[in-house]
Amino acid sequence: GQQVMQIPQYQHVQEGEDFTTYCNSSTTLSNIQWYKQRPGGHPVFLIQLVKSGEVKKQKRLTFQFGEAKKNSSLHITATQTTDVGTYFCAGGGGATNKLIFGTGTLLAVQP
Amino acid sequence: NAGVTQTPKFQVLKTGQSMTLQCAQDMNHEYMSWYRQDPGMGLRLIHYSVGAGITDQGEVPNGYNVSRSTTEDFPLRLLSAAPSQTSVYFCASSYQTDRGHYGYTFGSGTRLTVV
């Protein structure tokens, strides 16, 4: 079945450093979504990418969808302590287009 | 709008007991789903529904039942609780576009411990 892998599992950065998490799917995706989960909270939707090679920005966050629609990345420029949390990618595909989540990347930011 | 409401927030069960986790949404979303979250495993899909009266299995359906009699409600039933079902359970809903299920809204979760 469809699998979505995410690396790294954990990243510790100093405040102000950049951060990138990568997502890879075993199958071609119809769309990819990114979510953020604060410690003790629930996942919150950030963005959806649909087109091959698509790049979207939200302030300091840059999201990319690969040309083959099998991989994606999230890059955070100049991290802040408010960026702390787990970032999940989720790939949609197949007949029902249900989302399969990656394992997540836990970001820790040291002030 | 309340969004997605899950009850209870916390629950302790004994092995073999059954219970129902409630999920309700007020956004008229067609699509609803249940995930469990375990450390290092991400979010794994248990069951999902594309509309009232229609349900299907996800990645880890064993030991769980669902039904969808209305658009708003999507309860998850644990038939005979086992320690392996200790987890955090999230319900999510979304609407369908031509680009797929857009922007899941998650409930606040149910933290279940089976002893």
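Fair warning: this is a prediction, and the values are worked out from it, not measured in the lab.

1. Here's the deal with the overall build of chain B
- Across its full length, chain B holds 0 helices and 11 strands.
- Start at the N end of chain B and walk to the C end: the helices and strands fall as β-β-β-β-β-β-β-β-β-β-β.
- At 13 Å, chain B has a C-alpha radius of gyration in line with the 13 Å of a compact globule built from 115 residues.
- Projected onto its principal axes, the C-alpha positions of chain B cover 45 × 30 × 25 Å.
- Within the span of chain B, comprising 115 residues, buried residues form 46% of the whole.
- Partitioning the contacts of chain B with sequence separation of at least 6, the portion at a separation of at least 24 is 53%.
- Surface summary for chain B: the accessible area is close to 5,200 Å², and the carbon and sulfur share equals 51%.
- Where the 8 positive side-chain charges of chain B centre and where its 8 negative ones centre are 11 Å apart.

2. Digging into the pattern of salt bridges
- Overall, the coordinates contain 4 salt bridges over all chains when judged by the stated rule.
- A salt bridge links D83(A) to R60(A), with the nearest nitrogen and oxygen atoms 2.9 Å apart. Of this pair, D83(A) sits in the loop between strand 8 (71-76) and strand 9 (85-92) while R60(A) sits in the loop between strand 6 (55-58) and strand 7 (61-65), and the two are 23 residues apart along the sequence.
- For D83(A), a relative accessible area of 5% puts it in the buried group.
- The salt bridge partner of D38(B) is R44(B), with a shortest N-O separation of 2.8 Å.
- Given a relative accessible area of 12%, D38(B) falls into the buried group.
- When salt bridges with common partners are traced through the structure, they connect R36(B), D38(B) and R44(B) into a single cluster.

3. Describing the interface of chain B and chain A
- With 22 residues of chain B at the interface, the matching set in chain A holds 21 residues.
- Across the chain B to chain A interface the summed buried area is about 1,800 Å²; carbon plus sulfur atoms make up 56%.
- Applying the counting rule to chain B against chain A returns 0 salt bridges.
- Between chain B and chain A we count 6 residue pairs in polar contact (both at pLDDT 80 or more) in total.
- Counting residues per element, the ones that place at least two in the side of chain B that touches chain A are strand 4 (31-38), strand 5 (42-51), strand 9 (87-97) and strand 10 (100-106) of chain B.
- In terms of residues, the side of chain B that touches chain A owes the most to one element, strand 10 of chain B, which gives 6 residues.
- Per-class residue counts for the side of chain B that touches chain A are 10 nonpolar, 9 polar and 3 charged.

4. Section: the sheet that holds strand 1 (residues 4-7) of chain B
Residues and elements named next belong to chain B.
- Here 4 strands make up an open sheet; going across it, the order is 1-3-8-7 and the pairing antiparallel. Bordering the open sheet on either side are strand 1 and strand 7 (64-66), each of which pairs with just one other strand. Strand-to-strand, the axes of this sheet are offset by a mean angle of 20°, without reference to chain direction.
- The pairing of strand 7 with strand 8 (residues 76-78) spans 3 bridges and is antiparallel. In the sheet register, N65 faces strand 8, and the bridge partner there is R77.

5. Some remarks on unusual backbone geometry
- In this chain, I7(A) is followed by P8(A) through a cis amide linkage whose omega measures -5°.
- Relative to the helices and strands, P8(A) resides in the loop between strand 1 (4-7) and strand 2 (10-14).
- The omega torsion of the bond from T7(B) to P8(B) falls at -10°, within 30 degrees of zero and hence cis.
- Residue placement: P8(B) occurs in the loop between strand 1 and strand 2 (10-13).
- Residue K69(A) is not a glycine yet carries a positive backbone phi of 55°.

6. Some words on the nonpolar core
- Counting residues in hydrophobic clusters, the biggest one holds 20 residues, and the most contacted among them are W34(A) and F63(A).
- Within the residue set of this core, elements represented by two or more residues are strand 3 (19-25), strand 4 (31-37), strand 5 (44-49), strand 7, strand 8, strand 9 and strand 11 (105-110) of chain A.
- Look past the residues within four positions of F63(A) in its chain and what remains in contact with it is W34(A), L46(A), I47(A), L49(A), E54(A), V55(A), K56(A), Q58(A), S73(A) and L74(A).
- Counting residues in each nonpolar core, the second largest holds 18 residues, with V4(B), L21(B), W34(B) and F74(B) among its members.

Thresholds applied
Within every chain, residues take consecutive numbers counted from 1 along the sequence as written. Chains carry letters from A onward and ligands carry numbers from 1 onward, assigned in written order. The predicted origin of the model limits local features to residues at a pLDDT of at least 70 and limits the giving and counting of side-chain atom pairs to 80 or more, whereas totals for whole chains, interfaces and linings rest on all residues. Hydrogens and water are ignored here; the side-chain numbers use all heavy atoms of the structure. Strands here mean DSSP runs of E at least two residues long; helices mean DSSP runs of H or I at least four residues long; both are numbered from the N terminus. Based on C-alpha atoms, the radius of gyration is set beside the globule rule, defined as 2.2 Å times the residue count to the power 0.38. Working definition: with a 1.4 Å probe on protein chains only, accessible area under 20% of the residue-type maximum means buried, over 50% means exposed, and in between means partly exposed. Contacts: residue pairs with any heavy atoms within 4.5 Å of one another. Per-residue and other accessible areas were derived by the Shrake-Rupley procedure at a 1.4 Å probe size, with only the shown protein chains allowed to occlude residues. In this tally, Asp and Glu contribute negative charge and Lys and Arg positive charge; neither His nor the terminal groups of the chain are included. For the purpose of locating charges, the reference atoms are NZ of Lys, CZ of Arg, CG of Asp and CD of Glu. Here, a salt bridge means any Lys or Arg side-chain nitrogen found within 4 Å of an Asp or Glu carboxyl oxygen. Using a 1.4 Å probe, buried area is obtained as the accessible area two parts lose upon being combined, added over both of them. Pairs of N or O atoms within 3.5 Å make up the polar contacts considered here, provided that, within protein, one atom can donate a hydrogen while the other can accept it, and that residues adjacent in sequence are counted only when both atoms are side-chain atoms. All residues other than Ala, Val, Leu, Ile, Met, Phe, Trp, Tyr, Cys, Pro, Asp, Glu, Lys and Arg, Gly among them, are scored as polar; the first ten of these are nonpolar and the last four charged. Strand pairing is defined by DSSP finding a minimum of two bridges between the two strands. Axis definition: a line fit to C-alpha positions, over the contact stretch in the case of helices; interaxial angles, taken between N-to-C directions, run 0 to 180 degrees. Buried Ala, Val, Leu, Ile, Met, Phe, Trp, Tyr and Cys residues that are joined via side-chain atoms within 4.5 Å together make up what is termed a nonpolar core.

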